[in-house]
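An overview of the molecular structure
Chain residues, written in single-letter form:
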Amino acid sequence: MNNTADITVLGAGSYGTALAISLASNGHKTLLWGHESEHIDNLKRDRCNSEFLPGIALPDLLIPEASLATALAASNNVLVVVPSHVFGVVLKQAKPLLRDDSRIVWATKGLEPETGRLLQEVAREVLGDKYPLAVLSGPTFAKELAAGMPTAIAVAGTDEHFTKELVELLHSPKRLRVYANDDFTGLQLGGAVKNVIAISAGMSDGIGFGANARTALITRGLVELTRLGEAIGAQPSTFMGMAGLGDLVLTCTDNQSRNRRFGLALGQGQDVETAQKEIGQVVEGYRNTKEVYTLAKRLGVEMPITEQVYRVLYQGGTPHEAAKALLSRDKKSETSDSDS
Ligand SMILES: NC(=O)C1=CN([C@@H]2O[C@H](COP(=O)(O)OP(=O)(O)OC[C@H]3O[C@@H](n4cnc5c(N)ncnc54)[C@H](OP(=O)(O)O)[C@@H]3O)[C@@H](O)[C@H]2O)C=CC1
Ligand SMILES: O=C(CO)COP(=O)(O)O
């Protein structure tokens, strides 16, 4: 089947638009589908996603598209960038419209709501084994990527050929460095767990603690992520890369992160609902906390920071109580899970 576009992006929020801008700026014809036709009309009229990325012009090769059928017929490369709680829903909508040669990659960061399953399991359940799958993960704020500021990211998947082609499509010597990785599981998990740790770092700063506490949370958060990763078959070295340390540092330290801002608001005494509402965009870590907590409990993996964030978000605990609980834990060795 002939491609009329090089790639189709599903999800016209901040990150879907930023990736589409980046791809189109690389010289690739890119269709950008969004589920609200009025939003797509605005993109076409303004040549700008004023709602999510004000002031950043859409390149000529970026074509906003309101019809999912047209978007999916245009290219065999499908990049899904919707929030994790609608990932399965969007794949179900897409399934009857996919081409025989479609290949699916996502930049969604999260796990399946309630079950805590990796998105690869959701994709396989909905789509079967027919299509190659891949994931993009790493420290990439939409606004900076869309503005063409230097960025690095990692990609992994089920099919080496597809992964290599994604590197070719996305990589730009001027703006975006793309690292191929062979740990499909690790890249997905890193993108979900960092959201939870970013909330904890935000809470700590919101309370008024300093750089020491924030850095301790990043470092021990990395330990939690690595422990959970090993339990589900990821490679520990992945978490020293873009989708682990990289994304933890980014989202725990910079207020562009919605998860961090959510935590900040909670640390300053705001309630969960108001804090979420004020962000006005997806705060993946709110749901991810429940999913990561559930997954860790199921596998018997110790994740004390995640557990405390869960207490605050779902069990009425306060950020101060969470900090106290973490500080008063038994003394232990840094390098093993035994007591000191
Ligand atoms: N923003 C960033 O810097 C980064 C984001 N990500 C990840 O990308 C994913 C998307 O986040 P992001 O773009 O930032 O989120 P935004 O909140 O900016 O946008 C989400 C978009 O998804 C749309 N959407 C909601 N429900 C559906 C649906 N059922 N079908 C189709 N579209 C839907 C929303 O439409 P509507 O507004 O109409 O509800 C909106 O356009 C998340 O998993 C996030 O973690 C990853 C790296 C960086
Ligand atoms: O994943 C991100 C950057 O890599 C975006 O982080 P937030 O979802 O916290 O804004």
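Everything numeric in this text was worked out from a predicted model, so none of it was measured.

What counts, and where the lines are drawn
Residues numbered from 1 in each chain as written. Chains lettered and ligands numbered in written order. Predicted model: local features only at pLDDT ≥ 70, side-chain atom pairs only at ≥ 80, totals over all residues. Heavy atoms only, no water. Near = heavy atom within 4 Å. Polar contact = N/O pair within 3.5 Å; in protein donor to acceptor, adjacent residues only side chain to side chain. Areas by Shrake-Rupley, 256 points an atom, 1.4 Å probe, with all protein chains shown as cover. Nonpolar A, V, L, I, M, F, W, Y, C, P; charged D, E, K, R; others polar. UniProt positions renumbered as here; feature names shortened; annotations may be inferred. Helix = DSSP H or I, 4+ residues; strand = E, 2+ residues; numbered from the N terminus. Buried < 20%, exposed > 50% of the residue type's maximum accessible area, 1.4 Å probe, protein only. Contact = heavy atoms within 4.5 Å. Salt bridge = Lys/Arg side-chain N within 4 Å of Asp/Glu carboxyl O.

Taken together, 23 residues sit near ligand 1, with Ser14, His35, Ala142, Arg258 and Glu284 positioned nearest. Between ligand 1 and the protein, one listed contact pairs an oxygen atom with a backbone N or O atom of Thr140 at 3.4 Å. Between ligand 1 and Arg258, the relevant distance is 2.7 Å, taken from an oxygen atom to a side-chain nitrogen or oxygen of the residue. Bound to the protein, ligand 1 loses 84% of the 890 Å² it would expose on its own. The class makeup of the residues in the shell around ligand 1 is 13 nonpolar, 6 polar and 4 charged.

Moving on, we get to the UniProt feature "active site" (unreviewed entry) in the protein. This chain's UniProt record puts "active site" (unreviewed entry) on Lys194. Tracing the backbone through its elements, the reader meets Lys194 in helix α8 (residues 184-207). Owing to a relative accessible area of 6%, Lys194 belongs among the buried residues under this scheme. Sequence-distant contacts of Lys194, that is, excluding residues within four places in its chain, are made with Lys109, Asp247, Leu248, Thr251 and Asn259.

Applying the stated criterion across every chain yields a total of 16 salt bridges. Among the ionic pairs, Asp100 bridges to Lys130, the shortest N-O distance being 3.1 Å. A residue pair is termed long-range when its members are at least 10 positions apart, and Asp100 in the loop between α4 (87-94) and β5 (103-106) and Lys130 in the loop between α5 (119-127) and β6 (133-137) qualify at 30 residues. A relative accessible area of 63% means that Asp100 is categorised as exposed. Here Arg117 ties to Glu125 by a salt bridge, and the two come within 3.0 Å at their closest N and O atoms. Relative accessible area serves as the criterion here: at 56%, Glu125 is assigned to the exposed category. Salt bridges sharing partners connect three or more residues here, namely Glu112, Arg117 and Glu125.

This part is about the site of ligand 2. Near ligand 2 lie 13 residues; those nearest to it are Lys109, Lys194, Asp247, Ser257 and Asn259. Ser257 places a side-chain nitrogen or oxygen 2.7 Å from an oxygen atom of ligand 2. Separating an oxygen atom of ligand 2 from a side-chain N or O atom of Asn259 is a distance of 2.7 Å. Of all the elements in the fold, those that place two or more residues in the shell around ligand 2 are α10 (242-253) and α11 (258-267). Considering every element that reaches the shell around ligand 2, the biggest residue donor is α10, with 3 residues. Of the residues belonging to the shell around ligand 2, the class tally is 3 nonpolar, 6 polar and 4 charged.

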